[in-house]
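# Architecture at a glance
In case you want the letters, here they are:
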Amino acid sequence: MRFPSPLLLATLSLGLLTYACAPSSPFREAQNLSAKPFDQLELAGNACGPAALLNSYRFGKTDWRKLSEEPPGLSDRERMRTIARGPAMRESASLPGRARWSKNGINISDLGDVANEISAGKMLPRLSNETLVISPIESPEKHLRRVHYKLANSLSQGVPPILSIRLFAKREGKWIPIQGHFVTVTSVPSSLAGGATSFPVKFIDPLGGKFREGRIVIGSDTEMNFFTEAEFPGVTIGRNYVRAGEEAYLSVAAVLGRF
């Protein structure tokens, strides 16, 4: 029986030690951060859904990135229009008798159907969407961890997740929805500390194609306790419809990604 030489054993030991001691990244990040974001305003003010989806493709890993490059030779506007006038105009499964995309935009379920139609036949897994309402059996802290897990897991699989955020205003004593929007998440922490009440987020706002930073937090308003809150400076969707003196709350309403 031949035994490995001392030099080989030392080399293997060093390799194992190097691997074991290699620091893990403190963040889960999109894989193509040098890309240029899609700007919905190149097509239309209600095109945040197609733009956010294309940003997910363009900033993802190679197999997904190809979906933002086919067919070749198109401008960003033409690529958004191909989605808006193609799969986004088919009948909605969640709103029968209506197209998926309208003057009011598109909902998370229909955007997921559009995404899975685009990737069909490309040997890619299906994307999932989930409404991020705090359930009766979870605490706000546990819910925050669930939101974080969805985002971090999708990023780790090479698919920057798409967040549906929705602005609410307190009007006549009730919280009412004002306007929704989509953004594409490009970075979250790899893990959360025990007892965390918030975590930082980097994302692409398709309104202008802007890189932005913010936080997802456990909201302080006890009446608005069924969503986490998006503290996203610079995101102004719906603010023009909030009346003077009204409170406003930007909620993390749903997510589309690979989880």
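Presented here is an overview of the structure given in this document. Model, not experiment: these values are computed from the prediction.

This paragraph deals with the side chain of N153. Relative to the helices and strands, N153 is located in helix α6 (residues 140–156). If sequence neighbours within four positions are ignored, N153 has contacts with R28, R258 and F259.

The next point concerns the environment of V201. With respect to the secondary-structure elements, V201 resides in strand β5 (residues 198–205). Take V201: its relative accessible area is 2%, and that puts it in the buried class. Between the alpha carbons of V201 and E231 there is a distance of 9.5 Å; along the sequence they are 30 residues apart. For V201, the residues in contact, after removing those within four places along its chain, are V185, S187, V188, R212, E213, G214, R215 and I216.

Of all hydrophobic cores here, the largest spans 31 residues; its most connected members are L151, L163, F199, I216 and F232. Those elements giving two or more residues to this core turn out to be α6, β3 (162–171), β4 (174–189), β5 and β8 (248–257). For this core, the leading source of residues is α6, giving five residues. Of all hydrophobic cores here, the second largest spans 28 residues; its members include W64, M80, A84 and I108.

Another aspect to go through is the side chain of R79. For R79, the location among the structural elements is in helix α4 (residues 76–84). Within the structure, R79 has its side chain in polar contact with the backbone oxygen of S68 (distance 3.2 Å). Contact partners of R79, with chain neighbours within four places excluded, come to F38, L54, S68, E69, E70, P71, P72, G73 and L74.

The next thing to look at is the packing of aromatic side chains. By the definition in use, this model includes six aromatic pairs. Ring plane angle 70 degrees and centroid distance 5.9 Å describe the contact between W175 and Y249, whose orientation is recorded as edge-to-face. Of this pair, W175 sits in strand β4 while Y249 sits in strand β8, placing them 74 residues apart in sequence. Here the two residues W175 and Y249 agree in accessibility, since each one is buried. An angle of 65 degrees between the planes, with centres 5.2 Å apart, marks the rings of F226 and F227 as edge-to-face. Judged by relative accessible area, which is 32%, F226 ranks as partly exposed. Judged by relative accessible area, F227 falls into the buried class, the value being 11%. Feature note: the residues F168, F226 and F227 constitute an aromatic cluster, connected by ring pairs.

A side chain with one charge can pair with a side chain of the opposite charge if their charged atoms come near. Counted by the stated rule, this structure contains 11 salt bridges. Here D76 makes a salt bridge to R58, at a shortest N to O gap of 2.8 Å. Placement of D76 in helix α4 and of R58 in helix α2 (residues 48–58) is noted, with a sequence separation of 18 residues between them. Here D76 and R58 have matching classes, each one buried.

Take unusual backbone geometry next. Among all residues except glycine, the phi angle is most often negative; among peptide bonds, the trans geometry is most common. Cis peptide bonds are those with omega within 30 degrees of zero, and the linkage from E70 to P71 qualifies with -10 degrees. Structurally, P71 is set in the loop between α3 (62–65) and α4. Non-glycine residue M123 carries a positive phi angle of around 60 degrees. One can find M123 in the loop between α5 (108–119) and β2 (128–131). With relative accessibility at 81%, the residue M123 sits in the exposed group. A positive phi angle, close to 55 degrees, is found at E172, a residue other than glycine.

Once that is clear, we can look at the layout of surface pockets. The computed volume of the largest pocket comes to approximately 710 Å³. Every residue lining the largest pocket is counted, 33 residues in all, and those nearest its centre are N104, G105, Q179, G180 and H181. Elements represented by at least two residues in the lining of the largest pocket include exactly α5, β3, β4 and β8. Top contributing element to the lining of the largest pocket by residue count: β4, with five residues. Taken together, the residues of the lining of the largest pocket break down into 12 nonpolar, 15 polar and six charged. Taken as a whole, the second largest pocket encloses approximately 190 Å³ of empty space. As for the second largest pocket, its lining consists of L54, L67, E70, P71, L74, R79, T82, I83, P87, I118 and K122.

Thresholds, definitions, all that
- Residues numbered from 1 in each chain as written.
- Predicted model: local features only at pLDDT ≥ 70, side-chain atom pairs only at ≥ 80, totals over all residues.
- Heavy atoms only, no water.
- Helix = DSSP H or I, 4+ residues; strand = E, 2+ residues; numbered from the N terminus.
- Contact = heavy atoms within 4.5 Å.
- Buried < 20%, exposed > 50% of the residue type's maximum accessible area, 1.4 Å probe, protein only.
- Core = buried A, V, L, I, M, F, W, Y, C linked by side-chain atoms within 4.5 Å.
- Polar contact = N/O pair within 3.5 Å; in protein donor to acceptor, adjacent residues only side chain to side chain.
- Phe/Tyr/Trp six-rings, centres within 6.5 Å; stacked < 30°, edge-to-face > 60°.
- Salt bridge = Lys/Arg side-chain N within 4 Å of Asp/Glu carboxyl O.
- 1 Å grid on protein atoms, 1.4 Å probe; cavity = no way out; pocket = protein on both sides within 12 Å on 5 of 7 lines; lining within 4 Å.
- Points joined across faces, edges and corners; volume = space filled by probe spheres on them.
- Nonpolar A, V, L, I, M, F, W, Y, C, P; charged D, E, K, R; others polar.

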